[in-house]
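Each chain is listed here by its residues.
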Amino acid sequence: MNLFRHRLSGLPALALLCAAAGCSSADDSASAAVPRPATEVAKLCGNLDEALPSKVDGQDRRDPEPASALTSGWGNPAIILRCGVERPAKMSDAEADGVEVNGVGWLLEKQENGSFRFTSTLRRAYVEVTIPEARTGNGMAPLVDLAPAVSKAIPEGIAD
């Protein structure tokens, strides 16, 4: 019984240590659904993951959960990149809004929550970047930071 008492007495100390260190039971990390692309596209996405910058729009890289080479994130609230996503339905629409940033074309879709979703066009894999509403004040700065990596890792062409 004495051993059990000692184990319990350590719990308040652990809680105090956690509070002092800034631990929290609420996880403030972002989450992102992991795409499930074909093997060839997954390989391209792995190349992209290695080429991505450590900072985007001045924000440090903080990858979302669950950890995957197909998803990346920067800042909080997070700018989220997902590689190997499905072709957006709107992409086939002749009226689709698009922009080009440093040689990479992007389909632009404003979301109901105020965020913007950009999906790469005319590349062998679809790359999706979601910029939360709180970060839209810097315009397309995240795309400027990401375009060199996308251009390097994902060849031009049509994704299957």
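What makes a disulfide is a covalent bond joining the sulfur atoms belonging to two cysteines. Counted by the stated rule, this structure contains one disulfide. The disulfide partner of Cys45 is Cys83, and the S-S distance across this bridge is 2.1 Å. Since a negative S-S torsion denotes a left-handed disulfide, the Cys45-Cys83 link at about -75 degrees is left-handed. Residue Cys45 is found in helix α2 (residues 39-51), and its partner Cys83 is found in strand β4 (residues 79-83); the two are separated by 38 residues along the sequence. Overall, Cys45 belongs to the buried group, its relative accessible area being 1%.

The relative placement of two packed helices comes down to the angle between their axes together with the axis-to-axis distance. Axis separation between α2 and helix α3 (residues 141-153) bottoms out at 9 Å; the angle between their running directions is 145 degrees. Classified by chirality, the crossing of α3 by α2 is right-handed. Where α2 abuts α3, its residues Leu44, Asn47, Leu48 and Ala51 lie against Ala149, Val150, Lys152 and Ala153. Residue composition of the contact of α2 with α3, grouped by class: six nonpolar, one polar and one charged.

So, about the pairing of β4. A large share of β4 lies buried, amounting to five of its five residues. Of the two faces of β4, the one carrying Ile79, Leu81 and Cys83 and the one carrying Ile80 and Arg82 are both buried. As defined by bridge partners, strand β3 (residues 71-74) adjoins β4 across four bridges and the pair is classed as antiparallel. Residue pairing for β4: Ser72 is matched across the bridge by Leu81. Here β3 hands over to β4 after four residues, with Gly75 in that stretch at a positive phi of 80 degrees. Taken together, the four bridges between β4 and strand β8 (residues 127-131) define a ladder with antiparallel strand orientation. Following the sheet pairing, Ile80 is matched in β8 by Thr130.

The next thing to look at is the sheet that holds strand β6 (residues 104-110). Spatial strand order, β3-β4-β8-β7-β6-β5: six strands in an open sheet with antiparallel pairing. A strand with exactly one partner marks an edge of an open sheet, and here the two such strands are β3 and β5 (98-101). For this sheet, the mean inter-axis angle between neighbouring strands, taken without regard to orientation, is 25 degrees. Pairing between β5 and β6: four bridges, direction antiparallel. Across the sheet, residue Val99 finds its bridge partner in β6, namely Trp106. Docked against the sheet, α3 engages β3, β4, β5, β6, β7 (116-121) and β8, running at close to 135 degrees with respect to β6.

Here we come to α3. Because an α-helix packs 3.6 residues into every turn, residues spaced three or four apart end up facing the same way. At Ala147, α3 shows its largest bend, some 35 degrees, and a proline, Pro148, comes one to four positions later. Every buried residue of α3 is listed here: Pro142, Leu143, Leu146, Ala147, Ala149, Val150 and Ala153.

Across all of its chains, the model carries seven salt bridges by this definition. The closest approach of N and O atoms between Arg124 and Glu40, which form a salt bridge, is 3.5 Å. With Arg124 in the loop between β7 and β8 and Glu40 in helix α2, this pair connects stretches of sequence that are 84 residues apart. Residue Arg61 pairs with Asp49 through a salt bridge whose shortest N-O separation is 2.5 Å. Taken as a pair, Arg61 in the loop between β2 (59-60) and β3 and Asp49 in helix α2 lie far apart in primary sequence, 12 residues in all.

Here the focus is the environment of Gly139. As for its placement among the helices and strands, Gly139 is situated in the loop between β8 and α3. Given the relative accessible area of 38%, Gly139 is considered partly exposed. Along the backbone, Gly139 and Asp57 are 82 residues apart, and their C-alpha atoms lie at a distance of 9.8 Å.

Conventions used here
- Per chain, residue numbering runs from 1 following the sequence as it is written.
- Selection of residues for local features in this predicted model requires a pLDDT of at least 70, selection of side-chain atom pairs for listing and counting requires 80 or more, and totals for whole chains, interfaces and linings are taken over all residues.
- Where side-chain values are given, they derive from all heavy atoms of the structure, hydrogens and water being excluded.
- Cysteine sulfur atoms are paired as a disulfide whenever they fall within 2.5 Å.
- We count a stretch as a helix when DSSP gives it H or I for four or more residues in a row; a strand needs E for two or more, and each element gets its number in order from the N terminus.
- When a residue's accessible area, from a 1.4 Å probe over protein chains only, is under 20% of the maximum for its type it is buried; when over 50% it is exposed; and in between it is partly exposed.
- Whenever a helix is involved, its axis is fitted only over the stretch in contact; in every case the axis is a line through C-alpha atoms, and angles between N-to-C directions fall within 0 to 180 degrees.
- The handedness criterion is simple: a crossing whose near helix is rotated anticlockwise from the far helix by less than a right angle is left-handed, and one whose near helix is rotated clockwise is right-handed.
- Here, two residues are considered to be in contact whenever any of their heavy atoms come within 4.5 Å of each other.
- Polarity classes work like this: nonpolar for Ala, Val, Leu, Ile, Met, Phe, Trp, Tyr, Cys and Pro, charged for Asp, Glu, Lys and Arg, and polar for all others, with Gly in that last group.
- DSSP-based pairing: two strands are paired if at least 2 bridges between them are found.
- The reported bend at a residue is simply the angle between two axes, fitted to the 7 residues ending at it and to the 7 residues beginning with it.
- Only one rule defines a salt bridge in this text: a Lys or Arg side-chain nitrogen within 4 Å of an Asp or Glu carboxyl oxygen.

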